[in-house]
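Chain and residue survey
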Amino acid sequence: MKVIRKRFAEGAGEAEGTVVIIDVFRAFSCEPLFFHFGAERVFLEARPREAMRLKREHPDWILVGEQNEVPLPGADLGNSPSEVILKGESFFRGRTVLHRTTAGVRGVFAAIDTADEVLLGSYLTAAATAGYIHEISPGVVTLVAMGDRAERPAPEDDACADYIEHLLTGRSYDPLQAIKDILYQPTAQKFILGTRSYLPREDPTICLQRDLFDFALTARRADERIRVFPVKGRGIKRPACIL
């Protein structure tokens, strides 16, 4: 298995083979929570105006969306895992979620037509994602760290790519160094400082939990949209713990 590393929106468009689009803060830390709380369908939409139009057309859908971190007008939730957890199962069970984000969702749209398969990457599903990749045994895997707004480095995405590569190939991974690299940098500090209500302090703690879920997430064209599905491989067992 050959593992290729890419970054940002440009890298997503260049990715080949089985592609893992990684967005730790926060898109693909929200996605497994939707399914955990019983969402029936999850669709991705990269265009803000189209996401808002679809919400007006389908008012019963849950719109979870942001543009440059600010919640979309008319959205039910911002792109926040702590908000998702607070809503819980009673809010999501049996419903359709429409998800729009600046980095992760855009990355899926950039890769979907040229990749063999697109997986959604985060710490919460890292071991399950690696287990699924081992199960399907592709010749090439591209790990795309989407970064801050899909255009600048984000240490949490790079560290998560390191961790998934470690699970796939045995390459060394230092979790304490990852903590240092992530928590003291602007992409985490903007949450920790608590100066913007739409960036909850709790989000990084949730996003940096490793291997909470035993399923991976794949994005495929279905129902004339890009739909997310949970999938399982043979699994790589890891304890659930803080990064």
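So, on to the overall build of the protein. A count of helices and strands for the protein gives 11 helices and 12 strands. Radius of gyration (C-alpha) of the protein: 16 Å, near the 18 Å computed for a compact globule of 243 residues. The C-alpha extent of the protein, read off along each of the three principal axes, is 45 × 40 × 35 Å. By residue count, 58% of the 243 residues in the protein fall in the buried class. Counted over contacts in the protein with a minimum sequence separation of 6, partners at least 24 positions apart contribute 77%. About 10300 Å² of surface is accessible on the protein, with carbon and sulfur atoms providing 49% of the total. Across the protein, the centroid of the 32 positively charged side chains sits 2 Å from that of the 34 negatively charged ones.

In this section: the confidence of the model for the protein. Of all residues in the protein, 96% have pLDDT values of 70 or greater, and the mean over the chain is 95. The secondary-structure element of the protein with the lowest mean pLDDT is strand β12 (residues 241–242), recorded at 42, while strand β2 (residues 18–22) shows the highest, at 99. Every residue in residues 239–243 is under pLDDT 50, and counting partners more than four places away or in other chains gives 17 contacts.

Here we come to the pattern of salt bridges. Applying the stated criterion across every chain yields a total of 22 salt bridges. With a closest N to O distance of 2.8 Å, E50 and R53 form a salt bridge. Separated by 3 residues within a single helix, E50 and R53 lie in helix α3 (residues 48–57), roughly one turn from each other. Of the charged contacts in the structure, one is a salt bridge between R221 and D113, with a shortest N-O distance of 3.1 Å. Remark: D113 occurs in the loop between α6 (104–111) and β7 (117–121) and R221 occurs in strand β10 (residues 216–222); sequence separation between them is 108 residues.

Among the residues making up α3, those that are buried are P48, E50, A51, M52, L54 and K55. Those residues of α3 that are buried lie in contact with β4 (62–67), β6 (96–100) and β11 (225–231).

Burial of helix α7 (residues 126–136) is extensive: 8 of the 11 residues sit out of reach of the surface. Residues A126, A127, A128, T129, A130, G131, Y132 and I133 constitute the buried set of α7. Against the buried residues of α7 lie β2, β7, β8 (140–145), α8 (155–169), β10 and β11.

Here we take up the state of the cysteines. Overall, the coordinates contain 0 disulfides when judged by the stated rule. This cysteine, C30, is not joined by any disulfide, and C207 carries the nearest cysteine sulfur, 6.8 Å off. Using a relative accessible area of 0% as the deciding quantity, one classes C30 as buried. Here C160 is not disulfide-linked; the sulfur of C207 is the nearest cysteine sulfur, at 10 Å. Classification of C160 as buried rests on a relative accessible area of 0%.

Before going further, it helps to examine the packing of α7 against α8. Remark: α7 packs on α8, axes separated minimally by 9 Å, with the N-to-C direction vectors making an angle of 40 degrees. Judged by the angle between their axes, α7 and α8 are oblique. Relative to α8, the crossing made by α7 is right-handed. In this structure, α7 contributes A126, A127, A130, I133 and H134 to the contact, and α8 contributes Y163, I164, L167 and L168.

Parameters at a glance
Residues numbered from 1 in each chain as written. Predicted model: local features only at pLDDT ≥ 70, side-chain atom pairs only at ≥ 80, totals over all residues. Heavy atoms only, no water. Helix = DSSP H or I, 4+ residues; strand = E, 2+ residues; numbered from the N terminus. Rg over C-alpha atoms; globule rule 2.2 N^0.38 Å. Buried < 20%, exposed > 50% of the residue type's maximum accessible area, 1.4 Å probe, protein only. Contact = heavy atoms within 4.5 Å. Areas by Shrake-Rupley, 256 points an atom, 1.4 Å probe, with all protein chains shown as cover. Lys, Arg positive; Asp, Glu negative; His and termini not counted. Charge placed at Lys NZ, Arg CZ, Asp CG, Glu CD. pLDDT = per-residue confidence, 0-100. Salt bridge = Lys/Arg side-chain N within 4 Å of Asp/Glu carboxyl O. Disulfide = S-S within 2.5 Å. Axes fitted to C-alpha atoms, helices over the stretch in contact; angles between N-to-C directions. Parallel < 35°, antiparallel > 145°, perpendicular 65-115°, else oblique. Left-handed = near helix turned anticlockwise from the far one by under 90°.

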